[in-house]
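Observations on chain architecture
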Amino acid sequence: MMEVLGITAVAAITVICYLAAEIVKATSLDNKWIPVICGISGGILGIVALFWMPDFPVQDVLSATAVGIVSGLAATGANQIFKQFRS
């Protein structure tokens, strides 16, 4: 059960970063910055999750940062999938 909760944290990072991307789209900031913002936000959230959730799937800062960055960038990919289906 613990591993399932850890993987859920990774999905939560993606969802939070997706929301951050939607907020950026509502501002005057150029959309080219969305992947960078999602990656940085994901990295920070990965580190926070490492120290806040005992069942986070990795146990060191570097791996937590990498997991967070990949999760954050997955949010931009999810956005593109939805965009393609709407077109």
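Since the model is a prediction, treat every value here as computed from it, not as a measurement.

**A look at the confidence of the model for the protein chain**
Mean pLDDT over the protein chain works out to 88, with 92% of the residues at or above the 70 mark. Taking the mean pLDDT of every element in the protein chain, the minimum, 84, falls on helix 1 (residues 2–25) and the maximum, 95, on helix 2 (residues 34–52).

**Some points on the pattern of salt bridges**
All told, the structure shown has one salt bridge when counted by the stated rule. Salt-bridge contacts for E22 lead to K25; the nearest nitrogen and oxygen are separated by 3.1 Å. Separated by three residues within a single helix, E22 and K25 lie in helix 1, roughly one turn from each other.

**Overview of the packing of helix 2 against helix 3 (residues 61–86)**
Interhelical geometry of helix 2 versus helix 3 gives an angle of 140° and a closest axis separation of 6 Å. In terms of axis orientation, helix 2 runs oblique to helix 3. In terms of crossing hand, the pair formed by helix 2 and helix 3 is right-handed. Between helix 2 and helix 3, the contacting residues are I34, P35, C38, G39, G42, G43, G46, I47, L50 and F51 on the first element and V61, A64, T65, G68, I69, G72, L73, A75 and T76 on the second. For the contact of helix 2 with helix 3, the residue count by class is 11 nonpolar, eight polar and no charged.

Conventions we followed
- Residues numbered from 1 in each chain as written.
- Predicted model: local features only at pLDDT ≥ 70, side-chain atom pairs only at ≥ 80, totals over all residues.
- Heavy atoms only, no water.
- pLDDT = per-residue confidence, 0-100.
- Helix = DSSP H or I, 4+ residues; strand = E, 2+ residues; numbered from the N terminus.
- Salt bridge = Lys/Arg side-chain N within 4 Å of Asp/Glu carboxyl O.
- Axes fitted to C-alpha atoms, helices over the stretch in contact; angles between N-to-C directions.
- Parallel < 35°, antiparallel > 145°, perpendicular 65-115°, else oblique.
- Left-handed = near helix turned anticlockwise from the far one by under 90°.
- Contact = heavy atoms within 4.5 Å.
- Nonpolar A, V, L, I, M, F, W, Y, C, P; charged D, E, K, R; others polar.

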